[in-house]
Amino acid sequence: MQGSESISGATAAIISRIKAQMIPRGYQAAQQLYNSTQIVLSGSRSGRVYGIPNTGRHYTASAPGEAPAVRTGMLRASFRPTVSVENNGNLTIHSQAKSGLTVGGYVLGALLDDGTERMAARPFKEKVMDRAAPEIRRIYSAPYE
């Protein structure tokens, strides 16, 4: 009996150490998602060119299918890395880069990513995840000590 108790005690200690390392890794993953949003939501686009009122400058919008163009930078600046942890026997970590920026009561990121009746989609969420995925896999695949 004593051998099985020491094995289960050792197993519990290993699981506890792994769980303790998962939470900081969740924050690293969230930071990678945030970094990816900053990259995907930057750069030039190939849509229509508009004049910016009262400035004499021009702005190139995104074309349908491209990630949203940066006009004011508010969408890109609104993202924050977030982590939520559920520990109900199993440890579940949700890493996200979230934006709460709304326009007319709607979340702007969702409107742009999905499109509307009057506007074709400007998808960016999947591009963010695709860009961050290799680094997130590396974070979670690193050896646990």
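Anything mentioned here points back to the structure above.
Residues numbered from 1 in each chain as written. Predicted model: local features only at pLDDT ≥ 70, side-chain atom pairs only at ≥ 80, totals over all residues. Heavy atoms only, no water.

Some points on the side chain of Glu 66
With respect to the element layout, Glu 66 can be found in the loop between strand E2 (57–60) and helix H2 (74–78). Among the polar contacts listed, one links the side chain of Glu 66 to the side chain of Ser 46, at a separation of 2.6 Å. Of note is the side chain of Glu 66, whose polar atom sits 2.8 Å from the backbone nitrogen of Ala 63. If we skip the residues at most four places from it in the chain, Glu 66 touches Arg 45, Ser 46, Gly 47, Ala 61, Arg 122, Pro 123 and Lys 127. (Helix = DSSP H or I, 4+ residues; strand = E, 2+ residues; numbered from the N terminus. Polar contact = N/O pair within 3.5 Å; in protein donor to acceptor, adjacent residues only side chain to side chain. Contact = heavy atoms within 4.5 Å.)

Observations concerning the pattern of salt bridges
Enumeration according to the criterion identifies 1 salt bridge in this entry. Two residues, Arg 138 and Glu 135, come together in a salt bridge whose shortest N-O distance is 2.5 Å. Taken together, the residues Arg 138 and Glu 135, both in helix H4 (residues 125–141) and 3 residues apart, mark about one turn of the helix. (Salt bridge = Lys/Arg side-chain N within 4 Å of Asp/Glu carboxyl O.)

Focus: the environment of Phe 79
The residue Phe 79 is located in strand E3 (residues 79–87) in this model. Distance in space between the C-alpha atoms of Phe 79 and Gly 109 is 9.8 Å, their sequence separation being 30 residues. Those residues in contact with Phe 79, other than ones at most four positions away along the chain, are Tyr 34, Thr 37, Gln 38, Leu 41, Ala 97, Lys 98, Ser 99 and Phe 124.

Let's talk about a nonpolar patch on the surface
A surface patch of nonpolar side chains, about 260 Å² in accessible area, is lined by Ile 23, Tyr 27 and Val 85. As for its position among the elements, Tyr 27 is in helix H1 (residues 2–40). The class for Tyr 27 is partly exposed, based on a relative accessible area of 49%. (Patch = residues over 30% accessible without salt bridge, like charges linked within 9 Å, V, L, I, M, F, W, Y side chains within 5 Å. Areas by Shrake-Rupley, 256 points an atom, 1.4 Å probe, with all protein chains shown as cover. Buried < 20%, exposed > 50% of the residue type's maximum accessible area, 1.4 Å probe, protein only.)

Here we look at the side chain of Ser 62
Mapped onto the secondary structure, Ser 62 falls in the loop between E2 and H2. Leave out the neighbours within four places in its chain, and Ser 62 touches Arg 45, Gly 47, Ala 67, Pro 68, Ala 69 and Arg 122.

Regarding the packing of aromatic side chains
The full count for this structure, using the stated rule, is 2 aromatic pairs. In this arrangement the basic side chain of Arg 25 is found over the ring face of Tyr 144, its NZ or CZ atom lying 3.7 Å from the centre. Looking at Arg 71, its charged tip hangs above the ring of Tyr 59, at a distance of 6.0 Å from the centre. (Phe/Tyr/Trp six-rings, centres within 6.5 Å; stacked < 30°, edge-to-face > 60°. Lys NZ or Arg CZ within 6 Å of the ring centre and 35° of its normal.)

Details of the pairing of E3
Along any regular strand the residues' side chains alternate between the sheet's two faces. In the sheet, E3 pairs with strand E4 (residues 91–99) via 9 bridges, with the strands oriented antiparallel. Within E4, the position partnered with Thr 82 by the bridge is Gln 96. Between E3 and the antiparallel strand that follows it, E4, lie 3 residues; Gly 89 among them carries a positive phi value of about 95°. (Pairing = 2+ DSSP bridges.)

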